[in-house]
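Residue strings, one per chain:
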Amino acid sequence: MAEFKTLTIGTGDDATKAEGIMVPELAGEGHASLIVVRCARGFLMCGYLSLEKAEQLGDVAVRVAGASFADVLANKITGMTPKAAELGVTPDMTGEQAAAVLNR
């Protein structure tokens, strides 16, 4: 069953919220989970989803590996669409840093 969770991005007065969506063990027991973090201007996604398709659709998307919401926010990004770069996401960012940019 899918899990929906409100995530806090950042701390203090600069903190914002994002919507986390996880489908555990998408392909069955022992398989990876599908994870998406929906921000105000785009989204973080796990490797199950296609950056190429997101780019074709004109979406602002950032790919980050991880088995949990905490992992996705803590890990370095592994790819992004050109539209994410236009908003200020850079290859050296963590998922949380990229989410903060996507929530501006």
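A quick note: this is a predicted structure, and the numbers were derived from the prediction, not measured.

1. Things to note about the pairing of strand 1 (residues 3-9)
With 7 bridges joining them, strand 1 and strand 2 (residues 16-23) adopt antiparallel strand pairing. Paired with F4 across the bridge in strand 2 is I21.

2. A look at the side chain of S33
Looking at where S33 falls in the secondary structure, it is placed in the loop between strand 2 and strand 3 (34-38). For S33, a relative accessible area of 17% corresponds to the buried category. Polar contacts involving the side chain of S33 include one to the main-chain amide nitrogen of E25, which spans 3.2 Å. Ignoring sequence-local partners within four residues, the contact set of S33 consists of M22, V23, P24, E25, L26, C46 and Y48.

3. Overview of the nonpolar core
Side chains that are nonpolar tend, in soluble globular proteins, to be buried together. In this structure, V37, L44, V62, V89, A98 and L102 are the most contacted members of the largest nonpolar core, which totals 25 residues. Elements supplying a minimum of two residues to this core: strand 1, strand 2, strand 3, strand 5 (61-64), helix 2 (69-74) and helix 4 (95-102). Excluding residues that lie within four positions of it along the chain, V37 makes contacts with L7, A18, E19, G20, G42, F43, L44, F69 and V72.

What counts, and at which threshold
- Residues numbered from 1 in each chain as written.
- Predicted model: local features only at pLDDT ≥ 70, side-chain atom pairs only at ≥ 80, totals over all residues.
- Heavy atoms only, no water.
- Pairing = 2+ DSSP bridges.
- Helix = DSSP H or I, 4+ residues; strand = E, 2+ residues; numbered from the N terminus.
- Buried < 20%, exposed > 50% of the residue type's maximum accessible area, 1.4 Å probe, protein only.
- Polar contact = N/O pair within 3.5 Å; in protein donor to acceptor, adjacent residues only side chain to side chain.
- Contact = heavy atoms within 4.5 Å.
- Core = buried A, V, L, I, M, F, W, Y, C linked by side-chain atoms within 4.5 Å.

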